[in-house]
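Now for the letters of each chain:
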Amino acid sequence: MTSVSSSNNIALVALKKQSRHFKLQLPSFRFNHLKSRRFEGTLKHASYVKDVSAILTKSEIDFKDPNWKQRIQEDFSKQFSLPHLNDILDLKPRPTTFTPKSRGPLDVGNGELKDKSDGYVHDDDRALLKVLKFASPSSAGAECIDPDCSWVEQWVQRAGPRKEIYYEPVEVKAAIVTCGGLCPGLNDVIRQIVLTLEKYGVKNIVGIQYGFRGFCDQSLRELPLSHQVVQNINLAGGSLLGVSRGGPSVSAIVDSIKAKAIDMVFVLGGNGTHAGAYAIHNECRKRKMKVTIIGVPKTIDNDIQLMDKTFGFDTAVEEAQRAINSAYIEAHSAYHGIGIVKLMGRSCGFIAMHASLSSGQIDICLIPEVPFKLEGPNGVLQHLEHLIRTNGSAVICVAEGAGQVFEKEFLSKSNATDASGNAMLGDIGVYMQQQIKMHFKNIGLPADIKYIDPTYMVRACRANASDAILCTLLGQNAVHGAFAGFSGITTGVCNTHHVYLPIPEVIRFPKSVNPNSRMWHRCLTSTGQPDFQ
Ligand SMILES: Nc1ncnc2c1ncn2[C@@H]1O[C@H](COP(=O)(O)OP(=O)(O)O)[C@@H](O)[C@H]1O
Ligand SMILES: O=P(O)(O)OC[C@H]1O[C@](O)(COP(=O)(O)O)[C@@H](O)[C@@H]1O
Ligand SMILES: [Mg+2]
């Protein structure tokens, strides 16, 4: 139960941060919902509530009502229905210009078609958001709505090309913008958006330089994009368009979209960027503009809700292996060697957890979601001392936000924020290094400590094969979503299927490691570390 509260604390901290910086982005009932007594009350029944909260909107669930499941499902499908241009306009679709198949369907001879699919996704096609049925709230990782842990179907819309489209491709001007920090795969997504747009017949594609800033900074011109320009950009890391944090107001961005006569905007970024994208979508709606805003979730930290994973995460975990391996070799080659590797994760520990699991070389993994103490019995330093006395060396993997999210924080808070309003953290790696040094000096045991911070090396590299495929599919689906007339949506993978989701549902709060999850328990089994409390 504590762990659930902990996850929600992290979520609230992050959400408060966002809403402090930007006023209008999230409907306020969603924010209040997280803090509401009803939400806290729900914790008593459910051992894991984050995803359940997606269903519980404004109404209480009355489990005595025989139709309670149906009511939840109806609520859910309303909540996950996708905003469309035709919610405010009266547009007539036209047959698509996109051909998903290069060959016609095979004729089996008797006049019947072997393959009846036309290759298009139908608007009523759905994918399941949850595929596990838990027998009891005490089952590992159980997510329960009622005390019996009943299974309630939750369907979301399938992504892909539609038979009818809401734009005349030759008349379209499409823009791509990349915001926030760098992430492996940005160029793969840009490339695929351009190639797919061209496949529809779009001729006017531009890149907005350096994030949202590029909409309003007169010194930053639009970058014309075509298949010739983007052909090889996936071979390098970074973003062809440049990235930035902070930027102009939502209304200034929409003024710029209007002035530049842009019809489609593809916004690549994380939680903050998606909040911005949704605000832009709302402002366009208010002004009754026929502009579609499509998000593509970019977060190396993997902290966006409801998706199996986001692009760049796999690459980051793989790249982190090099740093961990170096730390391991240094530690094992030194007399009483201790290696420390700090990995990204401002408010979540997915990279650190997965990198620790995959390397098999980590003795201690510390993440923001799990409080730990350094000193005293059961503290990290005591365990480290034990490892040095018994094994002769040790390797620690620490996520950048570790020890800085809960009340008992190790580093003094500065309240400083970056241009986007994200809290600037202290360097937990350096702090750990100092504390460990002091501890071993005090007990008179030699220790040779090596600290590696591979942050920007991990982030600036090109996407690995698995991320490159993910980026390709996301880029294509983003374009299909725009032509289908959706706006204020994002695209991702749920249970291996590509889907479209309304932006507010994925940025309700950032995803974080559930300390009660099987994955975290597996990580603990792998490192062999005790509970540092
Ligand atoms: N709540 C918000 N509403 C509107 N725009 C936002 C919000 N949070 C961040 N942004 C904008 O989104 C961009 C990227 O945000 P940032 O938090 O730096 O990265 P990320 O999107 O990767 O989380 C910045 O230009 C920032 O100004
Ligand atoms: O030094 P920068 O550019 O501010 O970026 C550092 C941050 O970028 C991150 O990788 C996440 O970036 P995004 O939120 O843009 O995805 C954090 O883990 C890290 O704190
Ligand atoms: Mg972010």
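Residues numbered from 1 in each chain as written. Chains lettered and ligands numbered in written order. Predicted model: local features only at pLDDT ≥ 70, side-chain atom pairs only at ≥ 80, totals over all residues. Heavy atoms only, no water.

- If you look the chain up in an unreviewed UniProt entry, it shows as ATP-dependent 6-phosphofructokinase from Zingiber officinale.
- Heading Sequence similarities (unreviewed entry) of the UniProt record for the chain holds this comment: "Belongs to the phosphofructokinase type A (PFKA) family. PPi-dependent PFK group II subfamily. Atypical ATP-dependent clade 'X' sub-subfamily." (UniProt positions renumbered as here; feature names shortened; annotations may be inferred.)

**Some thoughts on the UniProt feature "binding site: Mg(2+)" (unreviewed entry) in the chain**
Alright, step 1. The feature "binding site: Mg(2+)" (unreviewed entry), as given by UniProt, occupies Asn271 in the numbering adopted here.
Alright, step 2. Counting through the fold element by element, Asn271 comes out in helix α9 (residues 271-286). (Helix = DSSP H or I, 4+ residues; strand = E, 2+ residues; numbered from the N terminus.)

**Observations regarding the state of the cysteines**
Alright, step 1. Tallying each qualifying case throughout the model produces 1 disulfide.
Alright, step 2. Bridging Cys144 to Cys149, the disulfide has an S-S length of 2.0 Å. A torsion of -60° about the S-S bond marks the disulfide between Cys144 and Cys149 as left-handed.
Alright, step 3. What makes Cys144 buried here is its relative accessible area of 0%.
Alright, step 4. With no disulfide of its own, Cys365 lies 4.2 Å from the sulfur of Cys523, the closest cysteine sulfur.
Alright, step 5. Among the cysteines around Cys471, which has no disulfide bond, Cys183 carries the closest sulfur, lying 7.5 Å off. (Disulfide = S-S within 2.5 Å. Buried < 20%, exposed > 50% of the residue type's maximum accessible area, 1.4 Å probe, protein only.)

**Let's talk about the site of ligand 1**
Alright, step 1. Lining the immediate environment of ligand 1, one finds 16 residues, of which Arg245, Gly246, Gly270, Thr273 and Ser420 sit closest.
Alright, step 2. Contact distances for ligand 1 include 2.9 Å between an oxygen atom and a backbone N or O atom of Gly270.
Alright, step 3. Separating an oxygen atom of ligand 1 from a side-chain N or O atom of Asn422 is a distance of 3.1 Å.
Alright, step 4. Considered on its own, ligand 1 offers 550 Å² of accessible surface; in the complex 92% of this is hidden by protein.
Alright, step 5. By residue number, the principal contributor to the shell around ligand 1 is α9, which donates 5 residues.
Alright, step 6. A class-by-class count of the residues in the shell around ligand 1 yields 3 nonpolar, 11 polar and 2 charged. (Near = heavy atom within 4 Å. Polar contact = N/O pair within 3.5 Å; in protein donor to acceptor, adjacent residues only side chain to side chain. Areas by Shrake-Rupley, 256 points an atom, 1.4 Å probe, with all protein chains shown as cover. Nonpolar A, V, L, I, M, F, W, Y, C, P; charged D, E, K, R; others polar.)

**Observations regarding helix α10 (residues 313-333)**
Alright, step 1. In this model, α10 (21 residues) spans 30 Å end to end at C-alpha, consistent with the 30 Å of a helix rising 1.5 Å per residue.
Alright, step 2. For α10, the full list of buried residues reads Phe313, Thr315, Ala316, Val317, Ala320, Ala323, Ile324, Ala327 and Ala331. (Expected span 1.5 Å × (residues − 1).)

**Thoughts on the site of ligand 2**
Alright, step 1. Neighbouring ligand 2 are Gly180, Gly181, Arg245, Lys298, Ile300, Asp301, Met344, Gly345, Arg346, Glu400, Tyr456 and Arg459.
Alright, step 2. Interatomic distance of 3.1 Å between a side-chain N/O atom of Arg245 and an oxygen atom of ligand 2.
Alright, step 3. Between ligand 2 and Gly345, the relevant distance is 3.2 Å, taken from an oxygen atom to a main-chain nitrogen or oxygen of the residue.
Alright, step 4. Isolated, ligand 2 exposes 470 Å² of accessible area, and the fraction of that covered by the protein chains is 81%.
Alright, step 5. Among the residues making up the shell around ligand 2, the classes are represented as 3 nonpolar, 3 polar and 6 charged.

**Observations concerning the pairing of strand β3 (residues 155-158)**
Alright, step 1. Where strand β2 (residues 126-128) and β3 come together, 3 bridges link them in antiparallel fashion. When the sheet's bridge partners are listed, Leu128 is paired in β3 with Trp155.
Alright, step 2. Looking at chain direction, β3 and strand β15 (residues 497-502) are connected through 2 bridges and run antiparallel. By the bridge assignment, Gln157 is partnered in β15 with Tyr500. (Pairing = 2+ DSSP bridges.)

**As for the UniProt feature "binding site: ATP" (unreviewed entry) in the chain**
Alright, step 1. Under the present numbering, the feature "binding site: ATP" (unreviewed entry) in UniProt falls on Gly181, Arg245, Gly246, Gly270, Asn271, Gly272 and Thr273. For the annotated residues, spread through 93 residues, the largest C-alpha to C-alpha distance comes to 13.1 Å, consistent with a single compact locus.
Alright, step 2. Topologically, Arg245 is positioned in the loop between α7 (227-230) and α8 (250-259).
Alright, step 3. Once residues lying within four places of it in the same chain are set aside, the contact partners of Arg245 are Gly180, Gly181, Arg346, Asp418, Ala419, Ser420, Asn422 and Arg459.
Alright, step 4. Within the fold, Gly270 resides in the loop between β8 (264-269) and α9. (Contact = heavy atoms within 4.5 Å.)

**Brief notes about the nonpolar core**
Alright, step 1. Core analysis: the biggest nonpolar cluster contains 74 residues, and Ile176, Leu197, Met264, Phe266, Leu268, Phe311 and Phe483 have the highest contact counts within it.
Alright, step 2. Here the element with the most residues in this core is α10; it accounts for 8 residues.
Alright, step 3. Excluding its chain neighbours within four sequence positions, the residues that come into contact with Phe266 are Ala174, Ala175, Ile176, Val177, Ile193, Leu197, Ile294, Ala478, Val479 and Ala482.
Alright, step 4. Counting residues in hydrophobic clusters, the runner-up holds 37 residues, among them Val250, Ala277, Cys284 and Val506. (Core = buried A, V, L, I, M, F, W, Y, C linked by side-chain atoms within 4.5 Å.)

**Quick notes on the environment of Lys258**
Alright, step 1. If you trace the backbone, Lys258 turns up in helix α8.
Alright, step 2. For the pair Lys258 and Val458, spaced 200 residues apart in sequence, the C-alpha to C-alpha distance is 37 Å.

**Observations concerning the confidence of the model for the chain**
Alright, step 1. With 86% of its residues at a pLDDT of 70 or more, the chain has an overall mean of 87.
Alright, step 2. Low pLDDT (under 50) marks residues 1-58, which in the prediction has 111 contacts with non-local residues, meaning those over four places away or in another chain.
Alright, step 3. Reported for the predicted complex are a pTM of 0.89 and an ipTM of 0.95. (pLDDT = per-residue confidence, 0-100.)

**Structural notes on the side chain of Thr96**
Alright, step 1. By secondary structure assignment, the location of Thr96 is in the loop between β1 (94-95) and β2.
Alright, step 2. Of the residues examined, Thr96 reaches a relative accessible area of 15% and is grouped as buried.
Alright, step 3. A polar atom in the side chain of Thr96 sits 3.0 Å from the backbone nitrogen of Phe98.

**Overview of the packing of aromatic side chains**
Alright, step 1. Counted under the stated rule, the structure contains 6 aromatic pairs.
Alright, step 2. Note on Phe63 and Trp68: the rings are 4.9 Å apart at their centroids and 90° apart in plane angle, and the pair reads as edge-to-face.
Alright, step 3. Given a relative accessible area of 9%, Trp68 falls into the buried group.
Alright, step 4. Arranged with centres 4.0 Å apart and planes meeting at 5°, the rings of Tyr200 and Phe483 form a pair that is stacked. Of the two residues, Tyr200 sits in helix α5 (residues 186-200) while Phe483 sits in helix α15 (residues 465-483), which places them 283 residues apart along the sequence.
Alright, step 5. Three or more aromatic residues joined by ring pairs form one cluster here, namely Phe98, Tyr167, Tyr200 and Phe483.
Alright, step 6. Looking at Lys290, its charged tip hangs above the ring of Tyr167, at a distance of 4.2 Å from the centre.
Alright, step 7. If you follow Lys511 out to its NZ or CZ, it ends over the ring of Phe350, 5.4 Å from the centre. (Phe/Tyr/Trp six-rings, centres within 6.5 Å; stacked < 30°, edge-to-face > 60°. Lys NZ or Arg CZ within 6 Å of the ring centre and 35° of its normal.)

**Describing the sheet that holds β8**
Alright, step 1. Strand order in the open sheet formed by 9 strands is β2-β3-β15-β14-β9-β8-β5-β6-β7, with mixed pairing between adjacent strands. The two strands at the open ends of the sheet, each matched to only one other strand, are β2 and β7 (223-224).

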